[in-house]
Amino acid sequence: MGAEREAELLAGVPDGLLIGGTWRASSDGTTFDVRDPSTNEVVTTVASATPQDGIAALDAACTAGPAWAATPARERAEILRRAFDLLQERAEDVALLMTLEMGKPLAESRAEVTYGGEFLRWFAEEAVRVQGRYGPNPEGTGRMIVTRHPVGPCFLITPWNFPLAMATRKIAPALAAGCTVVVKPASLTPLTTLLLARLLLDAGVPAGVVNVVTTAHSGPVSEAIIRDPRLRKLSFTGSTPVGRDLLRLAADGVLRTSMELGGNAPFVVLEDADLDRAVEGAMAAKFRNIGQACTAANRFLVHRSVADEFTRRVTERVRELRTGRGTQEGVTIGPLIDDRAVTKADELVADAVARGATVHTGGAPLVGPGTYYPATVLSDVRPGSALLREEIFGPVLAIVPFDDEDEAVRLANDTEYGLVSYVFTENLARGQRMIERLETGMTGLNVGVVSNAAAPFGGWKQSGLGREGGAEGIGEYLETKYTLTPDPFA
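Please read these numbers as outputs of a predicted model, since none were measured by experiment.

Rules used throughout
- Residues numbered from 1 in each chain as written.
- Predicted model: local features only at pLDDT ≥ 70, side-chain atom pairs only at ≥ 80, totals over all residues.
- Heavy atoms only, no water.
- Helix = DSSP H or I, 4+ residues; strand = E, 2+ residues; numbered from the N terminus.
- Pairing = 2+ DSSP bridges.
- Axes fitted to C-alpha atoms, helices over the stretch in contact; angles between N-to-C directions.
- 1 Å grid on protein atoms, 1.4 Å probe; cavity = no way out; pocket = protein on both sides within 12 Å on 5 of 7 lines; lining within 4 Å.
- Points joined across faces, edges and corners; volume = space filled by probe spheres on them.
- Nonpolar A, V, L, I, M, F, W, Y, C, P; charged D, E, K, R; others polar.
- Core = buried A, V, L, I, M, F, W, Y, C linked by side-chain atoms within 4.5 Å.
- Buried < 20%, exposed > 50% of the residue type's maximum accessible area, 1.4 Å probe, protein only.
- Contact = heavy atoms within 4.5 Å.
- Parallel < 35°, antiparallel > 145°, perpendicular 65-115°, else oblique.
- Left-handed = near helix turned anticlockwise from the far one by under 90°.
- Phe/Tyr/Trp six-rings, centres within 6.5 Å; stacked < 30°, edge-to-face > 60°.
- Right-handed = clockwise from strand over helix to strand, strands pointing away.

*Asks:* Whenever I open this one, unusual backbone geometry confuses me. Can you help?
*Replies:* Leaving glycine aside, a negative phi is the common case for residues, and trans is the common case for peptide bonds. Across the junction of G368 and P369, the peptide omega takes the value 10 degrees, indicating a cis bond. Among the structural elements, P369 can be located in the loop between β14 (358-361) and β15 (376-379). Non-glycine residue I290 carries a positive phi angle of around 65 degrees. Assignment of secondary structure puts I290 in the loop between α10 (275-287) and β13 (297-303).

Shown next as structure tokens:
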């Protein structure tokens, strides 16, 4: 029955490009396979866009742009709300589809449907709250009018690790602001975006407002779209190296950009922390999405006086995690996305062990089929270890002891990244000091998950530019215009 259910679901997912409201094959007829990382078997095949297809999608977005921008905000809001409702109706389908193409356990896929849907609901509400201002200038010689307008056609590049939420987090504010979009999902997980696009059409999104180009040749397609002078906005979620390359391309057109890039999140446990709460936070911050999240805790900085006890408690919890295919009951750790992810995790662990770290559980790849790496705990990770510099993107919890608050801050900030940090302490003043001293765009104080559609998501330093979500999120898709008029009483 499981296989029949999966086949029935896949049969209803579009396999073409969405351009101008029409599903079509790529211009050269090429396709690529989408694989289930839990088995490495082909799930289905989808169209592989060419650069010409990318430009055709931008053509459609540009054609639909003026009418969509002129659509009343309330009407745009109602369409987004209908999309939210349709997503709730098909929540189980979307969750299963994510598990099939990305591997995360079904419980986590269901949680992502809830999280991703909130962006549709939140920005449906924000669409009608775009405001300007009017008033006299300081000299009293005229009146200033400040208005906000859609930035124009947008190119949205989404990652594989949260295929629904990263799409809704970009599409929803763009549509709420009155922009049209071309979306390019990751080639590893295109199916969720294709199904989302169908739901958006069913909700009443006009033809050409949302266009989707799936492709196995991301670089040439993205470059063609970004270099087109009609494009006004680029939003990307992915690695910092790729983000740098895209920023160089975007510079020629002086594009508005939003970049949500890599992370190297510190998880700081101070000596006065509630260890039960810290362990709960650690499990969420590290193992959510199999550790494949830019917000995943990377470096567990634990005060030396509690490091052994924290290690013991968290190891007990990690040993209870069950690894397997995400569709199986009780599985909490699914496969990593591909072989390269397994190799990277294994190399990082081996490097840390060679430098003196101790493995408490896990520590070696599991035999396939599928790309599995077990939940792993390392303690006494030494300075110079590669996993303290690089984003792990896997289920590896690495513990580093420290001696005082200043050292914790120094270690936490010793990275080019600055996306999120986590701090556990029972002292309010100390918590406030840590919030202000840590160089990250987000902080979780005594919590292990910070993401929320109503909050601004984004980082400092090389973790990115701009914010997604919250009241700030729609502003990324709006331009500001100032007009001066004569004094009406002169």
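Once the structure has been displayed, the description carries forward.
*Asks:* What is the right way to look at the sheet that holds strand β5 (residues 133-136) in this model?
*Replies:* In sheet architecture, strand pairing relies on hydrogen bonds along the backbone and comes in two forms, parallel and antiparallel. If you trace the three strands from one edge of the open sheet to the other, you get β5-β6-β22, paired in antiparallel fashion. At either end of the open sheet lies a strand with only one pairing partner, and these are β5 and β22 (478-486). The sheet shows a mean angle of 20 degrees between the axes of neighbouring strands, direction not considered. As judged from the four bridges shared by β5 and strand β6 (residues 142-150), these two strands associate in the antiparallel manner. If you follow P136 over to β6, its bridge partner there is R143.

*Asks:* Can you walk me through empty space enclosed by the protein in this structure?
*Replies:* To find leftover empty space, a probe the size of one water molecule is rolled over the atoms. Scanning the model with the defined rule gives four cavities of 30 Å³ or more in all. If you add up the space inside the largest cavity, you get close to 70 Å³. Every residue along the wall of the largest cavity is listed here: A284, A285, R288, A293, T295, A296, Y422, G448, V449, V450 and S451. For the lining of the largest cavity, the class distribution of residues is seven nonpolar, three polar and one charged.

*Asks:* Can you walk me through the nonpolar core in this structure?
*Replies:* The nonpolar side chains of a soluble globular protein tend to be buried with one another. Ranked by internal contacts, the top residues of the largest apolar core, which has 66 residues, are F267, V269, F300, F310, V314 and L387. Apart from residues lying up to four places away in sequence, V269 is in contact with L275, A278, L301, V302, H303, V306, F310, F402 and F424. L9, L100, L120 and L196 belong to the second largest nonpolar core, which has 65 residues in total.

*Asks:* Explain the packing of helix α3 (residues 73-89) against helix α5 (residues 106-126) here, please?
*Replies:* Packed helices, taken two at a time, are described by the angle their axes make and the gap between the axes. It is the contact of α3 with α5, at a shortest axis distance of 7 Å, that shows an interaxial angle of 160 degrees. Considered as vectors, α3 and α5 are oriented roughly antiparallel to each other. The element α3 and its partner α5 pack so that their crossing is left-handed. Of the residues in α5, those touching α3 at A77, L80, R81, A83, F84, L87 and Q88 are V113, G117, E118, L120, R121, F123 and A124. Of the residues assigned to the contact of α3 with α5, the class counts are nine nonpolar, two polar and three charged.

*Asks:* Just to check I follow, could you spell out the packing of aromatic side chains for this structure?
*Replies:* Remark: the centre distance and the inter-plane angle together describe each pair of aromatic rings, the angle taken between the planes. On inspection of all chains with the given rule, the structure shows six aromatic pairs. Look at F267 and Y422: their rings are 5.8 Å apart centre to centre, the planes differ by 35 degrees, and that puts the pair in the tilted class. A residue pair is termed long-range when its members are at least 10 positions apart, and F267 in strand β12 (residues 265-269) and Y422 in strand β18 (residues 420-424) qualify at 155 residues. Among the residues examined, Y422 registers a relative accessible area of 2% and is labelled buried. Where F267 meets F424, the ring centres are 4.8 Å apart and the plane angle is 25 degrees; that geometry is what we call stacked. Pair noted here: F267 is in strand β12 and F424 is in strand β18, with a separation of 157 residues, a long-range link.

*Asks:* Where do I start with the pairing of strand β8 (residues 181-184) in this structure?
*Replies:* Residues of β8 alternate between two faces, with V181 and V183 on one and V182 and K184 on the opposite face, all of them buried. Pairing of strand β7 (residues 154-157) with β8 involves four bridges; the strand directions are parallel. In the sheet register, C154 faces β8, and the bridge partner there is V181. The handedness of the β7 to β8 crossover, carried by helix α6 (residues 165-177), is right-handed. With three bridges connecting them, β8 and strand β9 (residues 210-212) associate as parallel partners. Bridge pairing links V183 to V212 in β9. At this point the chain moves from β8, through helix α7 (residues 191-202), to the parallel β9, and the crossover so formed is right-handed.

*Asks:* What exactly am I supposed to notice about the sheet that holds strand β16 (residues 396-402) here?
*Replies:* The seven strands are arranged β14-β15-β16-β13-β12-β18-β19 in an open sheet whose pairing can be described as mixed. The open sheet has two edge strands, β14 and β19 (442-445), and neither has a second partner. Pairwise comparison of adjacent strand axes, ignoring direction, gives a mean angle of 20 degrees for this sheet. Alignment of β12 against β13, held across five bridges, turns out to be parallel. Among the inter-strand pairings, A265 is bridged to a residue of β13, identified as A297. Contacting β12, β13 and β16, helix α13 (residues 405-413) crosses the sheet at an angle of about 170 degrees to β13.

*Asks:* Just to check I follow, could you spell out the environment of I79 for this structure?
*Replies:* Looking at where I79 falls in the secondary structure, it is placed in helix α3. Owing to a relative accessible area of 4%, I79 belongs among the buried residues under this scheme. Here the alpha-carbon distance between I79 and R169, two residues 90 residues apart in the chain, equals 16 Å. In this view, I79 contacts W68, A203, G204 and V205; residues no more than four positions away in its chain are not counted.

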